[in-house]
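# Structural overview for review
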Amino acid sequence: MSASPSAASVAKRVIRAAHSAAASLVRRVVLATLAAAILPALAAWLGKRLVDAVVAGERSDAIWLLGAEAVVMVLLAVALQGAQLTKRLLGLRLGDTLRGRIASKASSLTLATLETPRVQDQLTRSRKQAGSRPMLYVERLLSIAKGALALAVAGTLLAGVHPVALIVVMLAGAPALLVTFRFARRHHDLEGRRTAMRREQSYLENVLSREDHAKEVRLLGIGDSLLRRWRTGANTLYGEQSELHRRESRAVTIAGAIGTVLFYGAYFGVVAMAVERVISLGEMTMALVLFRQAQSGVQSVVLGLGQLAQDQLYMADLFAFLDRPSPRDDVGLTAGPLPGDGIRLENVSFSYPGTEGEVLRDIDLHLPPGAVVGIVGQNGSGKSTLLKLILGLYEVDAGRITLDGLDLRQWNRRALWRRVAAVFQDFARYKLTIDENIELGDVSETEPVTRASIASGADEVRALLGGERRLGRSFPGGTDLSGGQWQKLALARAFYRESADIRVFDEPTAALDAITEAKVFDQIYSEPGAMTLVVAHRVAVLRRADEIVVLHEGKIAERGTHRSLLESGGRYAELFALQAESYVPA
């Protein structure tokens, strides 16, 4: 495991991110913070002069000093309000910038990386913190700078009253600083240990509140059961957090009491000096004001450093996620040495990271241009995984996959995926308009969606609702579709990408009626020159395939045409006969 980044490196990256998000806002907030740090001390100094002028009976001096102090206080109010407004605007811009970077990074990671629990935990923490934590970090830096500057100015003026006063100010903040640093690490460690539990809590909340779970939750009557599970997790989290907060509160109270005693000891010394006429009444007044400003400065620095220590750990998590290596999609070769050779799998084996046992073993397969290959097998036999390997979404553990004679690992991913049209079993349901759902199949295409919608049966959906109808009832004016209608849109996306010569269909008609299914498979079998893979549980739809591959426990158990597999009397013939019985009258 790599060492945690230093506080300086994290601070530098946060400042750089804020500057790139809104440079002008950063400059304005820095200037406002500097003014807010210096002006109170200037007001205290003018107050000292004012008191001494009043005591000396210098009327004219008292009047202009009073006016000057009033101007300083107006400027201070303007600076404080300006800093507050600017921080709000900067927070919005910085949060948007970092959320965009997180989304970009997540979309660039390999599928295998993104699916790992550790990366999911890291992504969850990053997304949770991105909206507020970076700006809080900036505010801590500003607060520390403001407090340190105010402390320096106040301390310089206090040193003129008595040198010991500055030492007292510094010592008063030490206990609180030690306590804050100590508990910052404990809070972060607890959050890290509980990230997986928080993800489960979030998942349960989604199940209880999202419309796509609502039917089963109500019909099965599992709402109370899931809610009890959620509350159990919430109580566990609360118990650990509350205990940590109690211990921290006790320690902070003790540290604050020590600091207060030291400050009031200094107050007593200043008052005693004024009584003994060692200092003037104006100097005493200034010293008392400066003590409070110094105390506030110490508190700002101590609290800021402690909170910054905690923020630093969260920001390090965020930057660790953003620094994860992403494969370059725009590098590699864009053509193979054997055009027209198609796709070849040679002794391919694969297992998911962090799991035991291979999902696929010793797979050999050839998919030439113009061929339709069907894949059948029981659930868990590796069918969907095989498709993802062929599409370059996973990398093989052993063997190799080639396209036109070139290993997929050497292909330019963008060039490879431009040749692909796919419909997955768990296809996406984009809550956009109907036509936008289809147009996502090829964002570089400008042709109407008519052809693709007819080929998939989605033209019926468009005719019924209109192509501009927004989908998703969670949006104003939106509507939902049936499972079959959503699948028609997914198929239309695939058919819309006319440039694709690699076509992959994973249970593409599972939710369709028989008439639409026949139309879709007519389209699938009629694509000239395309390399087509079809996964299907209903083997009857594969009768026209050029080759059918039967997977069993991650290996190829049988292969051949529909007729030859029936004649061999193996697994495929058994499956076909079993399904055929459903269509034979009793």
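On the surface, a cluster of negative charge is contributed by Glu-358, Asp-362, Asp-364 and Asp-397. The residue Asp-364 is located in strand β2 (residues 360-367) in this model. For Asp-364, a relative accessible area of 34% corresponds to the partly exposed category.

In sheet architecture, strand pairing relies on hydrogen bonds along the backbone and comes in two forms, parallel and antiparallel. As summarised here, the arrangement of the four strands in space is β2-β1-β4-β5, forming an open sheet in which the pairing is antiparallel. Each edge of the open sheet carries a strand with a single partner, namely β2 and β5 (406-407). In this sheet, β5 lies alongside strand β4 (residues 398-403) in antiparallel orientation, the contact comprising two bridges. Bridged to Leu-403 within β5 is Leu-406. Contacts from helix α12 (residues 383-390) reach β1 (343-350), β2 and β4 within the one sheet, and its direction differs from that of β1 by about 125°.

Between its first and last C-alpha, helix α10 (residues 223-275) extends 73 Å over 53 residues, near the 78 Å set by a 1.5 Å rise per residue. Residue Arg-277 follows α10 closely and has a positive phi angle near 65°.

Looking now at the nonpolar core. Core analysis: the largest hydrophobic core is formed by 40 residues, its most contacted members being Leu-489, Phe-495, Phe-505 and Leu-542. Counting only elements with at least two residues in this core, the list comes to β3 (372-377), β6 (420-423), α14 (434-439), α15 (450-456), α17 (483-496), α18 (514-525), β9 (547-552) and α20 (571-580). Sorting elements by how many residues they give to this core places α17 first, with eight residues. Apart from the residues within four sequence positions on either side, Leu-489 is in contact with Ile-434, Asn-437, Ile-438, Ala-458, Leu-471 and Leu-481.

With that settled, consider the pairing of strand β8 (residues 531-535). Buried residues dominate β8, accounting for five of its five residues. Side chains Met-531, Leu-533 and Val-535 of β8 all project onto a buried face; the interleaved residues Thr-532 and Val-534 project onto the opposite face, where all are buried too. Sheet topology note: the β3/β8 ladder contains four bridges and is parallel. The residue of β8 that forms the bridge with Gly-374 is Val-534. Examined bridge by bridge, strand β7 (residues 502-506) and β8 share five bridges and lie parallel to one another. Of the residues in β8, the one forming a bridge with Asp-506 is Val-535. Handedness of the crossover is the feature at issue here: the chain leaves β7, passes through α18, returns alongside β8, and the resulting connection is right-handed.

The rules behind each value
Residues numbered from 1 in each chain as written. Predicted model: local features only at pLDDT ≥ 70, side-chain atom pairs only at ≥ 80, totals over all residues. Heavy atoms only, no water. Patch = residues over 30% accessible without salt bridge, like charges linked within 9 Å, V, L, I, M, F, W, Y side chains within 5 Å. Areas by Shrake-Rupley, 256 points an atom, 1.4 Å probe, with all protein chains shown as cover. Salt bridge = Lys/Arg side-chain N within 4 Å of Asp/Glu carboxyl O. Lys, Arg positive; Asp, Glu negative; His and termini not counted. Charge placed at Lys NZ, Arg CZ, Asp CG, Glu CD. Helix = DSSP H or I, 4+ residues; strand = E, 2+ residues; numbered from the N terminus. Buried < 20%, exposed > 50% of the residue type's maximum accessible area, 1.4 Å probe, protein only. Pairing = 2+ DSSP bridges. Contact = heavy atoms within 4.5 Å. Axes fitted to C-alpha atoms, helices over the stretch in contact; angles between N-to-C directions. Expected span 1.5 Å × (residues − 1). Core = buried A, V, L, I, M, F, W, Y, C linked by side-chain atoms within 4.5 Å. Right-handed = clockwise from strand over helix to strand, strands pointing away.

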